[in-house]
Amino acid sequence: MEYSLLCHSLHACWSSPVKKKLVLLSIMFLLWVYMLYSCVGYCATMPSLVVESYRGKETGSAVGRRTESGRTDLVSRLLAKPQPWEDIEGDYEEQPSIRTAASRDLLNNELDADRAEDWEEMRAEQQRAPEPSAMSSFSNGSGSKKLPQAIIIGVKKGGTRALLEFLRVHPDIRAVGAEPHFFDRNYDNGLDWYRELMPKTLEGQITMEKTPSYFVTREAPARISSMSRDTKLIVVVRDPVTRAISDYTQTLSKKPDIPSFESLTFKNRTTGLIDTSWSAIQIGIYAKHLDNWLQYFPMDQILFVSGERLISDPAGELGRVQDFLGLKRIITDKHFYFNQTKGFPCLKKAEGSSKPHCLGKTKGRTHPNIHPEVVQRLRDFYRPFNMKFYQMTGHNFGWD
Ligand SMILES: Nc1ncnc2c1ncn2[C@@H]1O[C@H](COP(=O)(O)OS(=O)(=O)O)[C@@H](OP(=O)(O)O)[C@H]1O
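Residues numbered from 1 in each chain as written. Predicted model: local features only at pLDDT ≥ 70, side-chain atom pairs only at ≥ 80, totals over all residues. Heavy atoms only, no water.

1. Digging into the overall build of the protein chain
The secondary structure content of the protein chain amounts to 15 helices and 13 strands. Carbon and sulfur atoms form 57% of the exposed surface of the protein chain, whose accessible area is close to 20,700 Å². (Helix = DSSP H or I, 4+ residues; strand = E, 2+ residues; numbered from the N terminus. Areas by Shrake-Rupley, 256 points an atom, 1.4 Å probe, with all protein chains shown as cover.)

2. Section: the packing of helix α6 (residues 160-167) against helix α14 (residues 314-324)
At a minimum axis distance of 11 Å, the contact between α6 and α14 shows a crossing angle of 70°. With respect to α14, the axis of α6 lies roughly perpendicular. Residues L163, F166 and L167 of α6 lie in contact with α14, whose contacting residues are P314, L318 and V321. Of the residues in the contact of α6 with α14, the class split is six nonpolar, no polar and no charged. (Axes fitted to C-alpha atoms, helices over the stretch in contact; angles between N-to-C directions. Parallel < 35°, antiparallel > 145°, perpendicular 65-115°, else oblique. Contact = heavy atoms within 4.5 Å. Nonpolar A, V, L, I, M, F, W, Y, C, P; charged D, E, K, R; others polar.)

3. Here's the deal with the packing of aromatic side chains
In the structure shown here, the tally under the stated rule is 23 aromatic pairs. Summarising the aromatic geometry, the rings of F183 and Y187 are spaced 6.2 Å apart at their centres and angled 40° between planes, so their arrangement reads as tilted. Following the ring pairs from residue to residue traces out a cluster consisting of F215, Y286, F304, F389, Y390, F397 and W399. Over the face of the ring belonging to F324 we find K232, whose NZ or CZ atom lies 5.6 Å from the ring centre. (Phe/Tyr/Trp six-rings, centres within 6.5 Å; stacked < 30°, edge-to-face > 60°. Lys NZ or Arg CZ within 6 Å of the ring centre and 35° of its normal.)

4. Description of the site of the ligand
In the vicinity of the ligand lie 25 residues, with T160, K210, S246, G364 and H367 positioned nearest. One nitrogen or oxygen atom from the side chain of K210 is found 2.7 Å from an oxygen atom belonging to the ligand. Note that an oxygen atom of the ligand is positioned 3.1 Å from one of the side-chain N or O atoms of K363. Within the complex, 97% of the 640 Å² of free accessible area of the ligand lies under protein. Every element with two or more residues in the shell around the ligand is listed here: α4 (101-128), α6, α9 (240-254) and β13 (344-347). In terms of residues, the shell around the ligand owes the most to one element, α6, which gives four residues. (Near = heavy atom within 4 Å. Polar contact = N/O pair within 3.5 Å; in protein donor to acceptor, adjacent residues only side chain to side chain.)

5. Quick notes on α6
Along α6, eight of the eight residues are buried, which leaves the element largely enclosed by surrounding structure. All of the buried residues along α6 are T160, R161, A162, L163, L164, E165, F166 and L167. (Buried < 20%, exposed > 50% of the residue type's maximum accessible area, 1.4 Å probe, protein only.)

6. Points about the UniProt feature "active site" (unreviewed entry) in the protein chain
When the UniProt feature table is mapped onto this chain numbering, "active site" (unreviewed entry) sits at K157. The residue K157 is located in the loop between β4 (150-154) and α6 in this model. Owing to a relative accessible area of 13%, K157 belongs among the buried residues under this scheme. (UniProt positions renumbered as here; feature names shortened; annotations may be inferred.)

7. Remarks on the state of the cysteines
One pass over the full model with this rule turns up one disulfide. Disulfide pairing is shown between C346 and C358; the S-S distance is 2.0 Å. Across the S-S bond of C346 and C358 the torsion is about 100°, and the bridge reads as right-handed. Taken together, the residues span a long stretch of sequence, with C346 in strand β13 and C358 in the loop between β13 and α15 (372-393) at a distance of 12 residues. Overall, the relative accessible area of 1% leaves C346 in the buried class. (Disulfide = S-S within 2.5 Å.)

Here it is as structure tokens:
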């Protein structure tokens with residue numbers, strides 16, 4: 001009975017052309033509403049130009065600037081030049097206050113230079129990043145943001161960018177491109193702010209970030225440990241003498257008027273006394289910084305990657321890193337080629353791309369010539385610290 005009534009009314013609708021159109025229009029409208037609804041859900045999972053704002057204070061850091069509406073505009077985040085850094089003491093609180101006005105200014109400039117480099121790195125990364133395909137957008141949408149389980153904590157100019165870029169090839173690693181500087185400059189923003197910077201990960205994937213200044217930040221070990229005592233730490237170390245020259249070269253590229261390397265190295269040229277308050281020198285005293293980390297983390301939770309071997313045998317070093325992270329060795333020598341023009345190993349295929357990829361021009365700069373006597377004096381200065389470091393890590397890095 002009911003069935004025949006329904007058939008009857010449907011037949012009545014269909015037989016009238018006006019009603020037929022009305023029914024078709026309603027169906028189209030419902031379909032349109034459904035598509036709109038799906039798109040809202042889908043678009044919300046796409047990498048957006050506007051990311052959620054974070055609680056905490058305004059920092060003007062490389063990781064974002066808040067707009068009036070309380071949202072962080074990624075465009076301004078990418079385009080805004082870094083702000084001058086106010087706390088110039090930052091990583092060097094342990095230093096006695098013997099630093100001269102000139103060296104304080106230089107440190108300030110160095111922080112500016114670092115920020116400019118962060119910005120350049122991030123921009124290069126963004127330019128390289130492929131347009132998300134529909135499929136990758138869908139996969140980006142799934143999963144959730146997690147605090148990093150592994151962090152590249154140092155050292156500045158050690159080869160940290162190369163390591164992170166190489167690791168990103170691994171399907172089980174998701175990493176944030178820019179340096180968050182959470183455990184040194186942005187700690188007051190809170191862990192939710194930090195988590196929000198991370199890419200979404202699926203079950204079994206590892207979230208990573210790199211901020212090389214953590215290694216020399218006195219508070220960083222306690223802070224990372226309080227986030228998670230299980231955090232795996234990776235330190236890329238490089239001959240402290242070439243590291244210092246590389247550090248100086250970076251500052252020089254941004255501020256061509258700074259004093260010579262030699263005049264910054266020595267407190268007194270005649271006596272050959274090294275100015276250990278200069279950050280370029282200070283960072284290379286690895287044993288001292290490591291001591292601080294060992295107060296909070298056991299040695300087997302810290303992996304030391306040789307910056308030199310990362311260049312001469314990237315696949316070998318990447319093998320060790322994958323083992324340390326408990327991952328299948330997927331990144332092998334098949335992923336690398338040596339680019340003669342760049343003078344460094346490059347990726348045959350970068351993450352999310354089918355094209356070869358070398359690091360940008362801020363990586364692999366030509367160093368200025370330093371007088372061999374100055375280099376020798378620095379070698380003598382670092383030797384005992386290097387020996388201590390080899391002893392602590394159980395690994396001879398061959399710098400002496
Ligand atoms: N594959 C590859 N390509 C280019 N550069 C490479 C590579 N592997 C290691 N390196 C070395 O990385 C040095 C820069 O180190 P970082 O990335 O740690 O620098 S930074 O602290 O993030 O500014 C950089 O130092 P400089 O040569 O002094 O520029 C490089 O020597």
